[in-house]
Amino acid sequence: DLPIIIKIGIYEYDAKVLDFDSLENRLYFRCEKKLSSEGYTVKVLIDPSWIIEKIRERIENSKDTYLENQFIPKMINGNIINGKVEYFEKFENEVDLIGSQKDAYEYSLNNKLSIIWGPPGTGKSHTLARIVRALYKSKEKTLITCIANIAVDEIAEKTVKLLEEKKDIIGEGEILRIGYIQNPLLLKTEYLFPDNDETRKLRSRILEIKEKLNELNREEKIKLKEEKQKLNETLKVNISEIIHKSTINFATISKFFVDGDLNGQKYENLIIDEASMVSIPH
């Protein structure tokens, strides 16, 4: 569903991504116009400024009373007074944090806005996993996000390992990794995926389509890609309620913007890992 522009010669056409086949290095997309590229150079343009439009739409569609009470608009307008939130005593003390790691942990859980900085090897991800666990234990709905799937997988893996090491009981659908997962450990961690009989049936058909694609010609592939896209949309509807009931969500920033199940949630906490790598619109 990522919006793109197909540029053929001097002409530009709006389109949306259906899929990208990394093995064939081939992009599948949907466009309302019939395109012909004969004799012309073809380019795919991705402009992140569409995210600004998404933000504007969401602000315009929100009630003023809702926005007035939110932390981020107050921060943007400079109307913020830094004050401690007195609930840290609820959390179990993390004995494997040392020095500045412990300071960062305590500060993050006691203040509305925190920035943790440090060179490689200083234990930022180690500390962040413990912050996520504390928020999970308090049942506060939290989004953990980053610009790249690999980075999201890394913090999700550290959190999963920590929860298992501490022998925490993880309820079904409470912690979800949403989006494209590459990490082998996470792929084997079943509770990270929203699942029931209906979603399993839909995923089975999607997998069947993926396996058929290599045997078909181009026209047949496009038709199946369209069916796969519709099945994915149905799947999103089925998992929407599971996401709504979850506590911890791991996803990339782009996934957050294109997935209505995610950006329709009301989160109590937002964690942006590697924030300095993120573009301004994101």
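**Topic: the environment of Glu274**
Turning to its location among the elements, Glu274 is positioned in the segment after β8 (269–272). The class of Glu274 is partly exposed, set by a relative accessible area of 40%. When the C-alpha positions of Glu274 and Ile147 are compared, they lie 7.8 Å apart, and in sequence the two are 127 residues distant. Sequence-distant contacts of Glu274, defined by excluding residues within four places in its chain, comprise Cys146 and Ala151.

**Considerations on the pattern of salt bridges**
Scanning all chains against the criterion turns up 13 salt bridges. Glu227 serves as the salt-bridge partner of Arg205, at 3.0 Å between the closest nitrogen and oxygen. You can see Arg205 sitting in helix α8 (residues 197–212) and its partner Glu227 sitting in helix α9 (residues 218–245), a full 22 residues away along the chain. Residue classification places Glu227 among the partly exposed residues on the basis of a relative accessible area of 28%. In this structure, the salt-bridge partner of Asp259 is Lys255, at a minimum N-O distance of 3.3 Å.

**Some details on the layout of surface pockets**
Over the atoms, a rolled probe matching the size of one water molecule traces out where space is still vacant. Taken as a whole, the second largest pocket encloses approximately 2100 Å³ of empty space. Lining the second largest pocket are 43 residues, and of these Asp19, Gly179, Tyr180, Lys210 and Lys228 sit closest to its centre. Residue assignment for the lining of the second largest pocket shows that the elements contributing at least two residues are β2 (11–21), α8, α9 and α10 (253–258). Each residue belonging to the lining of the second largest pocket can be placed in one class, and the counts come to 18 nonpolar, eight polar and 17 charged.

About the cut-offs
- Residues numbered from 1 in each chain as written.
- Predicted model: local features only at pLDDT ≥ 70, side-chain atom pairs only at ≥ 80, totals over all residues.
- Heavy atoms only, no water.
- Helix = DSSP H or I, 4+ residues; strand = E, 2+ residues; numbered from the N terminus.
- Buried < 20%, exposed > 50% of the residue type's maximum accessible area, 1.4 Å probe, protein only.
- Contact = heavy atoms within 4.5 Å.
- Salt bridge = Lys/Arg side-chain N within 4 Å of Asp/Glu carboxyl O.
- 1 Å grid on protein atoms, 1.4 Å probe; cavity = no way out; pocket = protein on both sides within 12 Å on 5 of 7 lines; lining within 4 Å.
- Points joined across faces, edges and corners; volume = space filled by probe spheres on them.
- Nonpolar A, V, L, I, M, F, W, Y, C, P; charged D, E, K, R; others polar.

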